[in-house]
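# Structural features, examined
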Amino acid sequence: LITRVDFMKERTTSPSYSITLRLRIENRIGMFAKIATAIGGLGGDLGSVDIVGTEKGYIIRDVTVNARDENHEQQITACLGRIKGVKVMHVMDRTFAAHLGGKIEIISRRPLRNTTDLSLVYTPGVARVCKKIEATSDLVYQYTMKGNSVAIVTDGTAVLGLGDIGPYAAMPVMEGKAAIFKEFAGVNAFPIALRTKDPDEIVKIVRAIATPFGGINLEDIAAPRCFEIEERLQKTLDIPVFHDDQHGTAVVILAGLLNVGRLLRKDIRKFRVVIAGAGAAGIAAATLLLKYGISDLVLTDRSGALHRGRRDNMNPYKTSMAARTNPRNVRGTLSQALENAHVFVGVSGPNIIGADDVKHMAKDPIVFALANPDPEIAPEEAIPYAKIVATGRSDYPNQINNSLGFPGIFQGLLSVRAKSVNDQIKLAAARAIAHIITADELSEDYIIPSNFNKDVVSAVAEAVAAAAKKTGVARLK
């Protein structure tokens, strides 16, 4: 127990709060020891140290430090500046530096070195290809980017844990997602941030621009509008439409629970599950868990447990879920719903449960606190009482992250030119992610594979393609 708690505490700094300080340091023995001691004393995580120059009597070093947050960065910087013989010349926030100029670009697959190249890829040669596609429209998949391209569409109304920050501020997230698509799955993805919140306009715009894309990834669109937008687009487009905040989250949650069952040798369909958050992710996760066979499931929101007959803070989607979940008709607060529950899944906001809530769950409780960047309960607080803890963060074990799902899901869908996405495809993706980890590898701190496990994308893509063929939504057999 002490080992697990200490392990968590050691990871309170994060690469997302990483700074590089350029320091002018007096060139005498013991100076760098003072710097390292000051950083460690403030809880900073000292990284790389590079000599970038010298002056008479001085050394110029770049020192990289991981901190906990922006205030912590400033504390470390100020402390180093107070050391006699040390001058802070410059501070670079490495996260902002990584975003300078954007994170993605378009690169031509064909070099244009001379007029021959130009004649092949543009006029006059391109006209022959256009005529072929005009005669046989399916050839657009073969002779254009459509067969390996996805649009990432957002209105910026539900970005990460930031909420409605608008389409401009949403762009760094969309670019990041596009980078993951390309790096992990080789899929071309394009961020499209719309300056409208009107579902009718969003549907109209996406339908109009869908031509170059083999799939649509909806992203960070607030509930309940996201449900309507996805449903309408799926009905009117002949390519898969996948709201990742819903279904990507649900797939990876199920994958994690499947491995919990494998590790504990228990049938997860018999678990009592409580989900905090009745928005896009919560409703989608509940729907997929129901599809898998978990029936004792309670959804909660700010007004407490969703139950049959509840009138406060409801919408048609919550009403539908209230009718399909909560077979014991549990009422009351989240804390009351958690009593004797086996699994807590949080897809809501920070610090909404405490250690006492975990204590009152069933024996060996499972806590998936997935709100980002701050979880529903601090892992350090849950660990002493929970059998397994997972978060949505990369700086703790068991990261339940959509990037385990969407690259392989779309690679698989595109590979068979799928027309849509269905529950069997999502279930297949979850099983593929789970079984990347062998029975011998499973442990309390390793129930989900790393995002950088190169086997994940190919395994998910193969499973998705097979499920698409089996369920009749694949154009290519």
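Coordinates for the structure precede this section.
Here the structure is a predicted model, which is why all the values come from computation and not from measurement.

Bringing the nonpolar core into the picture now. If you look at the biggest cluster of nonpolar residues, it comprises 99 residues, and the most contacted ones within it are Ile216, Val273, Ile275 and Phe368. It is helix H11 (residues 244-264) that provides the largest number of residues to this core, a total of ten residues. Not counting residues up to four positions away in its chain, the partners in contact with Phe368 are Ile253, Gly256, Leu257, Val260, Phe344, Val345, Gly346, Ala390, Ile400 and Ile447. Membership of the second largest hydrophobic core comes to 20 residues, among which are Ala341, Val358, Ile383 and Ala386.

Okay, the environment of Ile352 next. Tracing the sequence through the fold places Ile352 in the loop between strand S12 (343-346) and helix H15 (355-359). Residue class for Ile352 comes out partly exposed when judged on its relative accessible area of 39%. Along the chain, Ile352 and Arg302 lie 50 residues apart, while their C-alpha atoms are 9.8 Å from each other. Not counting residues up to four positions away in its chain, the partners in contact with Ile352 are Ala276, Leu334 and Glu376.

What follows concerns the sheet that holds strand S6 (residues 188-193). Spatial strand order, S6-S5-S7-S8: four strands in an open sheet with parallel pairing. The sheet is open, and its two borders are formed by S6 and strand S8 (241-243), each paired with just one other strand. The mean angle between the axes of side-by-side strands here comes to 20 degrees, regardless of whether they run parallel or antiparallel. Note that strand S7 (residues 215-218) and S8 share three bridges and pair parallel. The partner of Leu218 across the bridge, within S8, is His243. Helix H10 (residues 225-236) contacts S7 and S8 of the sheet and is inclined by roughly 165 degrees relative to S8. H11 rests against S7 and S8 of the sheet, and its axis sits at about 75 degrees to S8.

Let us now look at the pairing of strand S2 (residues 45-55). Strand direction decides the pairing type here: S2 and strand S3 (residues 58-67), joined by eight bridges, are antiparallel. Considered in S3, the bridge of Gly53 is made with Ile60. Connecting S2 to the next strand, S3, in antiparallel fashion are two residues, including Gly57 with a positive phi near 85 degrees.

So, about unusual backbone geometry. Negative phi values dominate among residues other than glycine, just as trans dominates among peptide bonds. Note that the residue after Thr123, namely Pro124, is joined by a cis bond; omega there is 5 degrees. Note on placement: Pro124 falls in the loop between helix H5 (115-121) and helix H6 (126-135). Residue Ala223 is joined to Pro224 through a cis peptide bond whose omega torsion reads 0 degrees. Positive phi, normally seen in glycine, also occurs at Asn326, with a value near 55 degrees. The residue Asn326 is located in the loop between helix H13 (316-324) and helix H14 (334-338) in this model. Among the residues examined, Asn326 registers a relative accessible area of 0% and is labelled buried.

Procedures and definitions
Residues numbered from 1 in each chain as written. Predicted model: local features only at pLDDT ≥ 70, side-chain atom pairs only at ≥ 80, totals over all residues. Heavy atoms only, no water. Core = buried A, V, L, I, M, F, W, Y, C linked by side-chain atoms within 4.5 Å. Buried < 20%, exposed > 50% of the residue type's maximum accessible area, 1.4 Å probe, protein only. Helix = DSSP H or I, 4+ residues; strand = E, 2+ residues; numbered from the N terminus. Contact = heavy atoms within 4.5 Å. Pairing = 2+ DSSP bridges. Axes fitted to C-alpha atoms, helices over the stretch in contact; angles between N-to-C directions.

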